[in-house]
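The lines below spell out each chain.
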Amino acid sequence: MKNVLVTGGAGYIGSHIIVSLLEQGYGAVSADNYSNSTPDVYPRLEELTGKTFAAAEADVRDTGTMARLMREYAIWAVIHCAGYKAVPESIEQPLAYYENNLNTTLSLCNAMRETGVTRFVFSSSATVYGEPEFLPYTEEHPTGNCSNPYGFSKVMNERILTDAAAANPGWGVALLRYFNPIGAHPSGRIGDAPGGKPFNIMPIILQTLTGKLPYVPVTGDTYPTPDGTGIRDYLHIADLADGHVAALRYLETFTGVEAVNLGTGQGVSVLEILRGMETAAGRAIPTKVTPRRPGDIAEMRADASKAKHMFGWETKRTLAEMCADAWRWASNNPRGYENG
Ligand code: WQD
């Protein structure tokens, strides 16, 4: 069995990736320092898959620990999700974002060189594209025109991994540029449980529906879009997770580095997401139009054809499923994983 080290394995994206890995015949080892997650998710992953996996409380910046885990579990590939991801926080604390988001990647690369691990899947983001010069974004769209340190840390990590792959000929690296993952495992047992104040639209909608927030601020309704609100390419978290397994299968025979969009190719506006969630929850959602967020982009939409041609991967789940699954998670777990 091929064992995959998943950094940030207790997080929203990492935990759904572990489910896909176990369901598709891989072994998984989670390395997480629980700075924005909890190990309470792990028993639920074993419940959902009927499989066990290993987990280590570890700081990914600790190269020695990463090398030890790679040796101890005969790691075949790394999927690197651990990192800070709050755009507004990155503007307030740029040094913490660069220190953490870059040193985790450098640490893993050094541990891989030490132990002979040669496959790396990186959790990148469409935010690397910045303001669109054309839409939909293809992987050839220029990157680096970001509006915040979080986005720049993704661009810098892509550079680090591109140069590391060039200097280590046996390496195979996939830079997966996520568009907007939302939703939850259809069981309602795992989902997005952001620590602290959420800034993404879906957790804000869910916290409004569960009474934690008074309304959803619609940050701008005068964008040059059909209904004036921002458009994004939302994809189901389970599709995103499956995209990582598809990337691993590709890396079994590929060496070099490839950037690949993970998205649906469809744009959805804030008002459309709100309508989808009102249908899922069966009630109206209070909203208030507020000023645009600095740096927000009017429309982001993926050209998802490269993932289909290269990995044989495309999204399967609909917006209605994303909304229904997100609501099932939040309504069954209003306090995230706190209720055991
Ligand atoms: C989506 C839409 C907002 C909040 C960021 C990162 C990306 C990824 C996801 C990190 C936009 C609107 C939002 C609110 C709103 N990674 N909105 N009211 O900004 O596309 O992407 O998060 O998690 O790398 O860049 O996602 O969910 O913040 O915003 O109207 O209270 O919702 O204007 O159009 P974004 P988002």
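Residues numbered from 1 in each chain as written. Predicted model: local features only at pLDDT ≥ 70, side-chain atom pairs only at ≥ 80, totals over all residues. Heavy atoms only, no water.

S.K.: So what exactly am I meant to see when it comes to the overall build of the protein here?
M.R.: Counting secondary structure elements, the protein contains 11 helices and 13 strands. By the compact-globule yardstick of 20 Å for 340 residues, the protein fits well, its C-alpha radius of gyration being 19 Å. Overall, the C-alpha framework of the protein stretches about 55 × 45 × 40 Å when taken along its three principal axes. Out of the 340 residues belonging to the protein, those deemed buried represent 54%. Counting only contacts in the protein whose residues sit at least 6 apart along the sequence, the fraction spanning at least 24 positions is 80%. Per element, the accessible surface of the protein, about 13,800 Å² overall, is 52% carbon and sulfur. Here the protein contributes 29 positively and 36 negatively charged side chains, and the mean placements of these two sets differ by 2 Å. (Helix = DSSP H or I, 4+ residues; strand = E, 2+ residues; numbered from the N terminus. Rg over C-alpha atoms; globule rule 2.2 N^0.38 Å. Buried < 20%, exposed > 50% of the residue type's maximum accessible area, 1.4 Å probe, protein only. Contact = heavy atoms within 4.5 Å. Areas by Shrake-Rupley, 256 points an atom, 1.4 Å probe, with all protein chains shown as cover. Lys, Arg positive; Asp, Glu negative; His and termini not counted. Charge placed at Lys NZ, Arg CZ, Asp CG, Glu CD.)

S.K.: What is the right way to look at the environment of P39 in this model?
M.R.: Tracing the sequence through the fold places P39 in the loop between β2 (27-32) and α2 (42-49). Measuring from C-alpha to C-alpha, the distance between P39 and T222 comes to 42 Å, with 183 residues separating the pair along the chain.

S.K.: Looking at this model, I keep getting lost on unusual backbone geometry. Mind explaining?
M.R.: Both trends apply: most residues other than glycine have a negative phi, and most peptide bonds are in trans. Cis geometry marks the peptide bond from L135 to P136; its omega dihedral reads -5°. At Y34, a position not held by glycine, the phi torsion is positive, near 60°. Structurally, Y34 is set in the loop between β2 and α2. The class for Y34 is buried, based on a relative accessible area of 16%. Of note, the phi angle at A74 is positive, near 45°, even though the residue is not glycine. Residue position: A74 is located in the loop between α3 (63-72) and β4 (75-80). Look at A74 and you get exposed, because its relative accessible area is 57%.

S.K.: Looking at this structure, how should I read the site of the ligand?
M.R.: The full set close to the ligand counts 19 residues, and S125, N200, P217, R232 and D296 are the nearest of them. Residue P217 places a main-chain N or O atom 2.6 Å away from a nitrogen atom belonging to the ligand. Within the complex, the protein chains bury 91% of what would otherwise be the 690 Å² of accessible surface of the ligand. If you list the elements that add at least two residues to the shell around the ligand, you get α7 (201-209) and β8 (216-219). Along the lines of polarity and charge, the residues of the shell around the ligand split into 9 nonpolar, 6 polar and 4 charged. (Near = heavy atom within 4 Å. Polar contact = N/O pair within 3.5 Å; in protein donor to acceptor, adjacent residues only side chain to side chain. Nonpolar A, V, L, I, M, F, W, Y, C, P; charged D, E, K, R; others polar.)

S.K.: Please clarify how the nonpolar core should be interpreted in this entry.
M.R.: Soluble, globular proteins show a tendency: their nonpolar side chains are buried together. Membership of the largest hydrophobic core comes to 76 residues, with the highest contact counts inside it found for I17, L21, L176, I205, L248 and M277. When sequence neighbours within four positions are dropped, the list of residues in contact with M277 reads M202, I205, L206, L209, I285, C323 and W327. (Core = buried A, V, L, I, M, F, W, Y, C linked by side-chain atoms within 4.5 Å.)

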